[in-house]
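Fold and geometry: a report
In case you want the letters, here they are:
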Amino acid sequence: MAKSLSKSSSECDICKKSFSSRGNLTTHIRIHTGEKPYHCDICGKRFSRKDELTIHRRVHTGEKPYQCDICGQSFTRKDILTTHKRIHTGEKPYHCDMCSKSFSTITNLTDHKRIHTGERPYHCNFCGKSFNQNNQLTKHKRIHTGEKPYHCDICDKSFSRNDELTTHKLSHTGEKPYRCDICGKSYFVNNALTVHKRIHTGEKRFICDICGKAFVGSNDLKGHKRIHTGEKPYHCNICGKSFPRSHSLRSHIRIHTGEKPYHCDICGKSFTQSTAVTVHKRVHTGEKPRIRGKAFSQRPAVTVHKPIHTKEKPYHCDVCGKSFTRNDSLTDHKRIHTGERPYNCDICGKSFSYRNVLTQHKRIHMRKKPYCDSCGNLFSQQDDLAKHVCILP
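Below or above, wherever it landed, is the structure these notes cover. Keep in mind that this is a model prediction, so the values were computed, not measured.

**Observations concerning the environment of phenylalanine 126**
Take phenylalanine 126: it is sitting in the loop between strand 7 (122–123) and strand 8 (130–131). C-alpha of phenylalanine 126 to C-alpha of threonine 145: the two residues are 19 residues apart in sequence and 9.4 Å apart in space. With residues near it in sequence (within four places) discarded, phenylalanine 126 still touches Lys141, His144 and Thr145.

Following this line, the structure appears as structure tokens:
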């Protein structure tokens, strides 16, 4: 019988970890030394263990020797097959000791636990942002590098994430597999359906920690918060204008390209935004959705009208603190502080802070004045005419 290894002969003298054989110890020591004696003769990649090289070579050969006896799917490694089978069996052997949630892999459990600990060990070396999963960091870095490794084989469009490519491909087939069982509306992706259903339930899980406003989706909350921060991360590479949300940038770019991809199926008129088609169709149908009894043909009109009831003023001047119900009102107000006069008369060159003041000014050149239907008197401004009408007998 072979003589047993002594503790000293099977112990790593760097980290003091013990092993059952000299071979295992030798393999372990390479972690410390960085030695990788096994190399792939196809691509040159090196490995510290022979079995790692064997598995790697299957990338080149396409060999997948481990097959699922339930669905027939094949894998390059036995441990991947074991994990895969849990899809069929529903087995989740890894349990979180903080919330009792279960997972099919130890990696998923490790990632999950960081929700509780707040640990974010993966850091972006471009902007310093941290993530709790390595794959999240990999996806994030593509914002900086511009890398789009996933290509559509139909239109050659590229994407930074595989799930974005999968969703995009549905635009070619027209398939919308996720259907709302309440109103029948269909979606390309499941999470869009999940967010949509909250319209029916009234659930608004995402709350702004600055003003308390609630939203049905996390992206809606992110977009809203930029009202407070003033952040506009999406930039037009044609004119340099910036936007708080990506879809606003996409709509804006169509001003430059002239693209109008949304068409009215009644009269054929084209539009740059899908919402514009919805609003336009009401010209044909006469529909005016009602909000608290009052009817509006356009959603922006509803948005402007609602603060009359709620008294909400979410737009704040960072110079004097004054608040406004509408963002455009805040923009106009800020010109009091900046002295900006962006509206120029193309006849005499005089500048104005507000568009309506420019309109009134132009009447001087055009000799065009509002007049009273009753007495025929002319007025330079609509307000003066309104006051005049009030005092008529």
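**Brief notes about the side chain of asparagine 132**
By the secondary structure assignment, asparagine 132 is in the loop between strand 8 and helix 5 (134–145). The buried category is assigned to asparagine 132, whose relative accessible area is 14%. Apart from residues lying up to four places away in sequence, asparagine 132 is in contact with Asp111, Arg114, Glu119, Arg120, Pro121 and Tyr122.

**Describing the packing of aromatic side chains**
Applying the stated criterion to the full structure yields zero aromatic pairs. Its end group placed over the ring of phenylalanine 188, lysine 176 keeps NZ or CZ at 5.2 Å from the ring centre.

**A short note on unusual backbone geometry**
The backbone of lysine 16 shows a phi angle near 70 degrees, a positive value even though the residue is not glycine. Within the secondary structure layout, lysine 16 lies in the segment before helix 1 (22–33). Overall, the relative accessible area of 52% leaves lysine 16 in the exposed class. Phi at aspartate 156 is positive, roughly 70 degrees, even though this residue is not glycine. Here aspartate 156 is to be found in the loop between strand 9 (150–151) and strand 10 (158–159).

**Regarding the state of the cysteines**
Tallied over the entire structure, the rule returns zero disulfides. There is no disulfide at cysteine 317, and the cysteine sulfur nearest it, in cysteine 320, is 3.8 Å away. Of all cysteine sulfurs, the one in cysteine 345 lies closest to cysteine 348, which takes part in no disulfide; the gap is 3.8 Å. Take cysteine 348: its relative accessible area is 43%, and that puts it in the partly exposed class.

**Structural notes on helix 5**
In this model helix 5 runs 17 Å from its N-terminal to its C-terminal C-alpha over 12 residues, within 8% of the 16 Å that 1.5 Å per residue would give. For helix 5, the full list of buried residues reads Leu137, His140 and Arg142.

**Section: the pattern of salt bridges**
Considering all chains together, one arrives at 24 salt bridges under this definition. A salt bridge links aspartate 181 to lysine 197; the shortest N-O distance between them is 3.7 Å. Of this pair, aspartate 181 sits in the loop between strand 11 (178–179) and strand 12 (186–187) while lysine 197 sits in helix 7 (residues 190–201); the two residues are 16 residues apart in sequence, bridging distant segments of the chain. Its relative accessible area of 63% is what places aspartate 181 among the exposed residues. Residue arginine 335 pairs with aspartate 332 through a salt bridge whose shortest N-O separation is 2.8 Å. One end of the pair is arginine 335 and the other is aspartate 332, both in helix 13 (residues 327–338) and three residues apart, which spans about a single turn. Salt bridges linked by common partners bring Asp111, Arg114 and Glu119 together as one network.

**A short note on helix 8 (residues 218–229)**
Taking 1.5 Å per residue as the helical rise, helix 8 with its 12 residues ought to reach 16 Å, and the 17 Å between its terminal C-alpha atoms agrees with that figure. Those residues of helix 8 that sit buried are Leu221, Gly223, His224 and Arg226. Buried positions along helix 8 lie against strand 13 (206–207), strand 14 (214–215) and strand 15 (234–235). Note on helix 8: the residue one or two positions beyond its end, glycine 230, has a positive phi of about 80 degrees.

**Observations regarding the environment of leucine 249**
With respect to the secondary-structure elements, leucine 249 resides in helix 9 (residues 246–257). Separated by 16 residues in the primary sequence, leucine 249 and proline 233 place their C-alpha atoms 9.9 Å from one another. When residues no more than four places from it in sequence are discounted, the contact partners of leucine 249 are Tyr234, His235, Cys236 and Phe243.

Thresholds, definitions, all that
Residues numbered from 1 in each chain as written. Predicted model: local features only at pLDDT ≥ 70, side-chain atom pairs only at ≥ 80, totals over all residues. Heavy atoms only, no water. Helix = DSSP H or I, 4+ residues; strand = E, 2+ residues; numbered from the N terminus. Contact = heavy atoms within 4.5 Å. Buried < 20%, exposed > 50% of the residue type's maximum accessible area, 1.4 Å probe, protein only. Phe/Tyr/Trp six-rings, centres within 6.5 Å; stacked < 30°, edge-to-face > 60°. Lys NZ or Arg CZ within 6 Å of the ring centre and 35° of its normal. Disulfide = S-S within 2.5 Å. Expected span 1.5 Å × (residues − 1). Salt bridge = Lys/Arg side-chain N within 4 Å of Asp/Glu carboxyl O.

Nothing here speaks to function; it is all geometry.
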